[in-house]
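# Structural features, examined
The lines below spell out each chain.
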Number of protein chains: 4
Amino acid sequence: MLLERVESTGLAHYSYIIGDGREAVVIDPRRDCGVYIELAMREGLRITTILETHRNEDYVVGSCALAARTGAMIWHADGQLDYKYGEPVEPGQEWRIGQLRLRALDTPGHTLGSVSYLLHDQDGVPWIVFTGDTLFAGDVGRVDLVDVTRTDEMADHLYDSIFGTLLPLGDEIIVCPGHGSGSVCGMAIAERAWTTIGLERRHNPRLQHTTRDDFVASVAHVHERPPYFRRMEALNLSGADVPASFPYARPMGPDEFENVSEQAIILDTRMELGYSAAHVPGAVSIWLGGLSRFVGWFVPYDQQIKLVNENEGSDATVRQLLRLGYDDVAGILSGGMLAWHNSGRISQSISTITVQRLCYLLDERANAWILDVRSDSELAGQGEIGGAYHIHLTQLVERMDEVPRDRPVMVFCGSGLRSMIAASLLQRQGWDDVTVVLGGLAGWSSITCPLR
Amino acid sequence: MLLERVESTGLAHYSYIIGDGREAVVIDPRRDCGVYIELAMREGLRITTILETHRNEDYVVGSCALAARTGAMIWHADGQLDYKYGEPVEPGQEWRIGQLRLRALDTPGHTLGSVSYLLHDQDGVPWIVFTGDTLFAGDVGRVDLVDVTRTDEMADHLYDSIFGTLLPLGDEIIVCPGHGSGSVCGMAIAERAWTTIGLERRHNPRLQHTTRDDFVASVAHVHERPPYFRRMEALNLSGADVPASFPYARPMGPDEFENVSEQAIILDTRMELGYSAAHVPGAVSIWLGGLSRFVGWFVPYDQQIKLVNENEGSDATVRQLLRLGYDDVAGILSGGMLAWHNSGRISQSISTITVQRLCYLLDERANAWILDVRSDSELAGQGEIGGAYHIHLTQLVERMDEVPRDRPVMVFCGSGLRSMIAASLLQRQGWDDVTVVLGGLAGWSSITCPLR
Amino acid sequence: MLLERVESTGLAHYSYIIGDGREAVVIDPRRDCGVYIELAMREGLRITTILETHRNEDYVVGSCALAARTGAMIWHADGQLDYKYGEPVEPGQEWRIGQLRLRALDTPGHTLGSVSYLLHDQDGVPWIVFTGDTLFAGDVGRVDLVDVTRTDEMADHLYDSIFGTLLPLGDEIIVCPGHGSGSVCGMAIAERAWTTIGLERRHNPRLQHTTRDDFVASVAHVHERPPYFRRMEALNLSGADVPASFPYARPMGPDEFENVSEQAIILDTRMELGYSAAHVPGAVSIWLGGLSRFVGWFVPYDQQIKLVNENEGSDATVRQLLRLGYDDVAGILSGGMLAWHNSGRISQSISTITVQRLCYLLDERANAWILDVRSDSELAGQGEIGGAYHIHLTQLVERMDEVPRDRPVMVFCGSGLRSMIAASLLQRQGWDDVTVVLGGLAGWSSITCPLR
Amino acid sequence: MLLERVESTGLAHYSYIIGDGREAVVIDPRRDCGVYIELAMREGLRITTILETHRNEDYVVGSCALAARTGAMIWHADGQLDYKYGEPVEPGQEWRIGQLRLRALDTPGHTLGSVSYLLHDQDGVPWIVFTGDTLFAGDVGRVDLVDVTRTDEMADHLYDSIFGTLLPLGDEIIVCPGHGSGSVCGMAIAERAWTTIGLERRHNPRLQHTTRDDFVASVAHVHERPPYFRRMEALNLSGADVPASFPYARPMGPDEFENVSEQAIILDTRMELGYSAAHVPGAVSIWLGGLSRFVGWFVPYDQQIKLVNENEGSDATVRQLLRLGYDDVAGILSGGMLAWHNSGRISQSISTITVQRLCYLLDERANAWILDVRSDSELAGQGEIGGAYHIHLTQLVERMDEVPRDRPVMVFCGSGLRSMIAASLLQRQGWDDVTVVLGGLAGWSSITCPLR
């Protein structure tokens, strides 16, 4: 028997491959789907079935790519939508994989047609439920993505799905959700990589609201919606192109990199410190670990991308972009910033400051304007910074006018990584006295200079 | 957070590495312990703690090897025994790994001092219990290993451990045992790679005996005890030697292979068909997939081993031997049987027969004597073969005299793999008309020639 | 600087990737071309140029596949032919790769338009010549492939190419040919993985014939031409399909394997001994190591292939087939012969005999008919076997009528591997008393029973 | 046949494994020697012989480590020295590896007892000569390491070895040296990864001095001698400890990292830009690519090392240190500088400047003092920078007093990497106005602001 979770880091996306006998099923595959084929081949299994839990909105699902290579049949939830591929799942529908059995459970709420899949083991014992974005470890799916005016209705569905369908499966059932901690699809997913119905029933903060009204009141909120979601939704109905097998960005020397596709956006995925010291003028900073989470906010789909990476020899960047539908990468700077400088080109930098220095400075330099780009929930949880102006990073582009151009701007986030994104966006628009606070709130909280 | 199960195939041994913050703990490590260090290094973690659930008897625990490389502290259960390394665990003792917490639960029964470890997540929620050989998916630990005359006493302890300590943890708790399906440590471990207290409470056949007397009656049996267990127990108290990092068997040409260490036992790990066609005279057949399970029955520790492998370039054989304390491998036949034959050497073969041919033959050749080497439980579960004589494979060496030398012997098992072991043992002792039934009972059951 | 030889085992095909600065060139790429992209990416290089030395006839060149993924430009030799892709190379044409320079040398003989490429190092020093199939270590290219009636003419061209163009480059120049030892493209390629003009000039047996007439007489011979060459030649002009990235054969259980595509040919790539003990009825034996060399003789392109492999989890078989244009693999037997027998199916076997037994038997069993399937050159080099009938393996299908059906047939080759191919072909056509001599001539020569 | 070059990047050290039949020989193995065993195992070969070309001085030879794991016999050159292991090689001595043959050639000059090994192929043809540090591509070995007062004598020996022994082998012989481009053992090794006697005879600049006197005058110079050479020499006579198999540095959080081993030197191997933006106070900068080349100059053996790496999950840093005998790594900063700042700690930075800004500044800020840390040969080859003060990086520690403390110091090298080493050394000693010129001379030469 094969049961493997395939995690796509960055997205915190969990997909699953389950095999028995000679067959295997994949749930919510990712687009660079070679990993499933390799796992199946190693075990002598054939991928016959692909199950989607819902019309995904935060990544390009790999069903079409995987079906093209394996001949597997695709079954999709949200059958009421205008799908261009696969067959819609019926509630109660069953699939056999060797001696295992999977059954579709109707669990709407996150989307209108969300489906969970209950896996029975070789003895017929109900064993694992794959809940997609309906139920996570420590959180539940968002209900504001279908229609911001229908969150109450969707929360109502979600209540029924969780309290009426999932919890009655029994405390002992293992829960395998579609995302782990760090996903944009759940606000507060716990770092409990494996969980159970009982653990969620007893400890998931949302499920402590046991009456329908309480629950609805607790979850029927509108959250941020990254602009790229619309594109993912459309691609996931029409079926995205099958990507060339080996994600590949063309290495280019400084000359070619500078001249090719002048409209392209330059994306610098190095860590914040290297970016701060020197970057190609105009480059947007998103460190590799935050790429999947933030690129959809700041990089439009109608522009080509030019990459500056820490490690040219890795395909991690291109894979992450591919999973979000960014297929048009014009090239990557070969030799990195060293080659750039060796060619005599100019670069830009962003000032940084440690929290200790900041502490002194706040007295000396009353003129400094502190920009806090953390989210509302971080502010609520970690405390505000006295005198700071708050614009959540994801809103910065729209609200940039609120940032003064004539004062030194000190940017603050949790650690300094997101601040560097913000600083790069400001610099591109002409702000020239922007400084990132290294360590951010984590550092600030570690020293004695108190939050004022 | 890091939570990984490391499975040693063959043994069906499960070890675990859990990390958070900057630290990691390994539970019941295996002897070729590089895998834990690589996982930890990749995540920027340091292995500080090694926990043993009990004095293992079916493999050489890797605690000393792992401690030698990492400086981690070893904590062992069964503290009443005469350990030469590490510190004994106290019931209730706790360890912190980043924000995680592990607590020792006293769960005797399999051994006198068996301990389970309850892991609490970052929010302090009881989450996973590592049960060692106390509780498996679908089975419980054996109670006959401490002393065959004290099985009732040990079963009594086990009842308390399971019904008094583990089940009360709650149905929702995830159970991570020390073995999976296929281990010699549980008779009937289920292929449920991840399980929960509730799944076991409701579906584990042993736990359906809910009264103490019923339970004790159900589990207080004496099972086979492979002879190598004694050696494992001794090594696991004294601390086995730290193995050289890269398991390595010297490749040897036919001449050297034949002449080196004439007392050595020749072990042929190829699949049964290749062995049947031709093997080095005197070689014992144990196919690679059954090596960990059977080598301890048939290969003594005071003999060197000479290997004939399917795939010379793989270290799988040497690793499996190392995990069972077989460190003295004299060499491997370079170029395999092809080189052997190219050097003009003689080889032996074992006849095979398909089940259809057997069906005809049983009429024609009334003289054939059928030897069934399946276990008692297989006989009970799958049915007996009319007219067959039953000696379980593991008893064949002692009971070989019961096999007639003057009649054609047809050997039968589940599929033909274990039959080939049996046939090789008979051939070595001079039986010369031995035939293996290909497909064994699985094949026999698939055709219409009925079990008589 | 990057200079790597990529060897495709089986074919003994050598391709090369050379990179400097930010660019790389690939010479004669193979069809599963991910390897070049990975090497280039790791070094921050971009593959801009693909060079073919000639219209290849023994494998599907990967130029189109590699160009599709990288955008590289393809330059082909044999420009007089009706190519459907790329641009023809002009003699003397040059390419710059960073500071390196490559120049095309006109070296006809193997084909009419064969080209060699002379690489100059960063200082402009002539350094390495890529000779394709014009000059090998210890041999020269065949001159009979263009037209068997024009071998003298082609040998004449080859004389000029080698003595007039290549040798004058200087003894110190390194030679990188298109094939190594074991290829079907050279009769006697030496195991000198790297060689030089001087080593060949002094030690290549063909080049000891220094006058034009001697040389032509020495090389203008007609050799065997595997039937698949015609297909390779056609594909290499028209441009083969770009293969899906991950070669993948569908695993199938015995039922499906038996029933799918009944016209398909069953190809068993296990070692000779496993095959001899039991194989799916009708399966053709070609051990994996001989697959590339022999499949083109015995497997037509208009039949699907069903595979029985030793190691299901490896893609080695499917890759080798892909490189020869066999894209239509219906499936692979999941679980191998064990699954086949467990399903109660019948299998066939081939008898084997050691050389010692044969030695005795030749007296006793005067009736045995010995079939020697070695090549003419092996017979010449190693000696004949008295009383044996000689049909080279590759001619066996056409000359099968010469093999008696009413006598026991003993098949002989160098070692027993090719004999098993022959035996499988005979068995498929109804011969039922066929025995393979294990060890073949190598074994026979090692014992005292003399060649008679 | 197996012939593989194993390159240790950083050191540009070439070792070789050659196998045939069932045996293999390794020439000048490195200390982390698993790579040879894996290669041999994959080919079914046994490493029986280890050959050293001379008492190495620039890395710890892995002979003892490899012998400990394989039982191979060690043969060392420089037999007149006081070796504690192995057997001395006699000139003319021969070894057989399968059908291959190796012969020792006496080639003193780099050391008194340097030996080259001439490999004959399976047909007995002289094929490849392994020249150790006697002859490189484009350069010859140094003659000043034995004794700076005996360079003429050693150059005289080298003349005989090259002109009397190696060149007469014939232009066609392939040369496999002990180092490639970038090594500290040759001043100007060419990027000609494979070379021949003829290529060197015709193009190696040193060998154009064909009379003894010219040659001696050309090579009998004293070059820099990194201080770590003495330690390597001693270790290579006595036999270094066998390293634990998996190089492993303990990850530590900021607290532990700061407090452990306060005497330890902090080594920051990130790229120059990340270091410039922020580093642990007092850390020495040596980017990973330059580690092997520079660590021996700046890190003494009697101090522990604490590491700050770009990529914690890689063992590349620890391996490079191990090869130079730095076995005492106290730990690595887990989470890198981000964790450091998140803990509220202070960091230091180094200013940087682009060449364009420098161009403007040179007018404005007449006060700036330019430090050029390139080598003499770079100055000679690339030109000097008007007004710059020259101290080669390796001499900076001794000559630091020459650098003014009261003026802004601008550090210049070829690209900015070595300048950052210099700047970090200055900063540690209290210089506080140090700026690194990004792009260095490469950048400077690319712009119009001319060298003055």
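Residues numbered from 1 in each chain as written. Chains lettered and ligands numbered in written order. Predicted model: local features only at pLDDT ≥ 70, side-chain atom pairs only at ≥ 80, totals over all residues. Heavy atoms only, no water.

### Structural notes on the overall build of chain A
Note the cut-off: The secondary structure listing takes helices from DSSP runs of H or I that are at least 4 residues long and strands from runs of E that are at least 2 residues long, numbered from the N terminus. The globule rule used here is 2.2 Å times the number of residues to the 0.38 power, and the radius of gyration it is set against is calculated over C-alpha atoms. Note on classification: 1.4 Å probe, protein chains only; a residue is buried when its accessible area is under 20% of the maximum for its type, exposed when over 50%, partly exposed between these limits. Throughout, a contact is declared for two residues whenever any of their heavy atoms are within 4.5 Å. Working definition of accessibility: Shrake-Rupley area with a 1.4 Å probe, residue cover restricted to the visible protein chains.
Helix and strand content of chain A: 15 helices and 24 strands. Since a compact globule built from 452 residues should have a radius of gyration of about 22 Å, the 24 Å found for chain A is in line with a globular shape. Seen through its C-alpha atoms, chain A measures out along the principal axes to roughly 70 × 50 × 35 Å. Residue burial in chain A is summarised as follows: out of 452 residues, 64% are buried. Long-range contacts, defined as pairs at least 24 residues apart, comprise 69% of the intrachain contacts of chain A with a sequence gap of at least 6. With an accessible surface of roughly 15300 Å², chain A has 45% of that area assigned to carbon and sulfur atoms.

### Here we look at the packing of aromatic side chains
How we decide: The aromatic pairing rule takes the rings of Phe, Tyr and Trp, using the six-membered ring of Trp, and pairs them if the centres are within 6.5 Å, calling planes under 30 degrees apart stacked, those over 60 edge-to-face and the rest tilted.
Applying the stated criterion across every chain yields a total of 54 aromatic pairs over all chains. Ring centres 6.1 Å apart and planes at 40° place the aromatic pair Trp287 of chain C and Phe294 of chain C in the tilted group. Trp287 of chain C gets classed as buried once you look at its relative accessible area, which sits at 13%. For Phe294 of chain C, a relative accessible area of 4% puts it in the buried group. Judged by centre distance (5.1 Å) and plane angle (85°), the ring pair of Tyr228 of chain D and Phe229 of chain D falls under edge-to-face. Here Tyr228 of chain D and Phe229 of chain D have matching classes, each one buried. Members of the aromatic cluster, each reached through a chain of ring pairs, are Trp75, Trp95 and Tyr117 of chain A.

### Details of the pairing of strand β23 (residues 409-412) of chain C
Residue and element names in this part refer to chain C. Cut-off, in case you're wondering: For two strands to be treated as a pair, DSSP must find no fewer than two bridges joining them. For crossovers, right-handed means that the path from the first strand over the helix to the second runs clockwise, given strands pointing away from the viewer.
Side chains Val409 and Val411 project from β23 onto one buried face, and the interleaved Met410 and Phe412 project onto a second face that is buried too. Pairing geometry for strand β21 (residues 369-372) and β23, over four bridges, is parallel. Bridge assignment links Asp372 to a residue of β23, and that residue is Phe412. Relative to strand β24 (residues 434-438), β23 runs parallel, the two sharing three bridges. Counted as the bridge partner of Val411 is Val436 from β24. In the classification by handedness, the crossover that spans β23, the intervening helix α14 (residues 417-428) and the parallel β24 is right-handed.

### Some points on unusual backbone geometry
A positive phi angle is found at Asp78 of chain B, which is not glycine, with a value near 50°. Looking at the secondary structure, you find Asp78 of chain B in the loop between β5 (73-76) and β6 (87-88).

### Details of the pattern of salt bridges
The line we're drawing: By definition here, a salt bridge exists when the distance from a side-chain nitrogen of Lys or Arg to a carboxyl oxygen of Asp or Glu is within 4 Å.
Taken as a whole, this structure holds 104 salt bridges over all chains when the rule is applied. For Arg192 of chain D, the salt bridge identified is with Asp121 of chain C, shortest N-O distance 3.0 Å. Of this pair, Arg192 of chain D sits in the loop between β13 (174-177) and β14 (195-196) while Asp121 of chain C sits in the loop between β9 (115-120) and β10 (126-132), each in a different chain. Just as Arg192 of chain D is buried, Asp121 of chain C falls in that class too. With its nearest N and O atoms 3.0 Å apart, the salt bridge here joins Arg345 of chain C to Glu258 of chain C. Pair noted here: Arg345 of chain C is in the loop between α11 (336-342) and β20 (351-354) and Glu258 of chain C is in helix α7 (residues 254-259), with a separation of 87 residues, a long-range link. Residues participating in the shared-partner salt-bridge network are Arg30, Asp32, Asp315, Arg319 and Arg323 of chain A.

### Details of the domain arrangement of chain A
Residues and elements named next belong to chain A. The cut-off we apply is this: The domain boundaries here were taken from an automatic or database domain assignment. Once two parts are joined, some of their accessible surface, as seen by a 1.4 Å probe, is lost; buried area is that loss totalled over both.
In terms of domains, chain A is made up of domain 1 (2-236), domain 2 (243-342) and domain 3 (351-446). Relative to domain 2, the C-alpha centre of domain 1 lies at a distance of 31 Å. Taken together, the contact between domain 1 and domain 2 spans 22 residues of the former and 14 residues of the latter. If you sort the residues of domain 1 by the area they bury against domain 2, Arg31, Asp32 and Tyr228 come out on top, with a joint share of 36%. Arg319 serves as the salt-bridge partner of Asp32, at 2.6 Å between the closest nitrogen and oxygen.

### Describing the interface of chain C and chain A
Under the convention used in this document: Contacts described as polar in this section are N or O atom pairs within 3.5 Å, which, within protein, must combine one atom able to donate a hydrogen with one able to accept it, while residues neighboring in sequence count only if both atoms come from side chains. All amino acids are sorted into three groups, where Ala, Val, Leu, Ile, Met, Phe, Trp, Tyr, Cys and Pro are nonpolar, Asp, Glu, Lys and Arg are charged, and the leftover types, Gly among them, are polar.
With 30 residues of chain C at the interface, the matching set in chain A holds 29 residues. Across the interface of chain C and chain A, roughly 2600 Å² is buried in total on both sides, 57% from carbon and sulfur atoms. By the criterion of area lost to chain A, the three top residues of chain C are Met41, Arg46 and Tyr248 of chain C, representing 28% of everything that side buries. When the shortest N-O distance is used, the salt bridge between Arg46 of chain C and Glu256 of chain A registers 2.7 Å. For the pair chain C and chain A, the number of links is eight residue pairs in polar contact (both at pLDDT 80 or more). Mapped onto the side of chain C that touches chain A, the elements with two or more residues apiece are α1 (34-42), β4 (46-51), α2 (63-70), β15 (251-252) and α7 of chain C. Element by element, the count of residues in the side of chain C that touches chain A is highest for α1 of chain C, at four residues. In terms of residue class, the side of chain C that touches chain A is made up of 12 nonpolar, nine polar and nine charged.

### Some details on the relation of the copies chain D and chain C
Counted only if it meets this: Residues below a pLDDT of 70 in either copy are left out; the C-alpha atoms of the rest, at least 70 in both, set the least-squares superposition of the copies.
Between the two copies, chain D and chain C, the superposition gives an RMSD of 0.0 Å; the rotation angle is 180° and the shift along the axis is 0.0 Å. On the angle and the small slide along the axis, the relation comes out as a two-fold axis. Residues of chain D ranked by C-alpha distance from the rotation axis are headed by Glu172 of chain D, positioned 2.4 Å from it. Most of the interface of chain D is mirrored in chain C: 100% of its interface residues are interface residues there too.

### As for the relation of the copies chain C and chain A
Least-squares fitting of chain C to chain A yields an RMSD of 0.0 Å, with the superposition described by an axial translation of 0.1 Å and a rotation of 180°. Most of the interface of chain C is mirrored in chain A, where 97% of its interface residues again form contacts.

### A word on the interface of chain D and chain C
With 20 residues of chain D in contact, the opposing surface of chain C contributes 20 residues. Three residues, Glu172, Glu191 and Trp194 of chain D, lead the burial of chain D against chain C; their summed loss comes to 33% of the area buried on that side. Taken together, the links from chain D to chain C amount to four salt bridges. Viewed at the interface, chain C and chain D are joined by 10 residue pairs in polar contact (both at pLDDT 80 or more). Where the side of chain D that touches chain C is concerned, the elements lending two or more residues are β10 (126-132), β14 and α4 (197-203) of chain D. Ranked by residues supplied to the side of chain D that touches chain C, first place goes to α4 of chain D with four residues. Within the side of chain D that touches chain C, the residues separate by chemical class into nine nonpolar, five polar and six charged.

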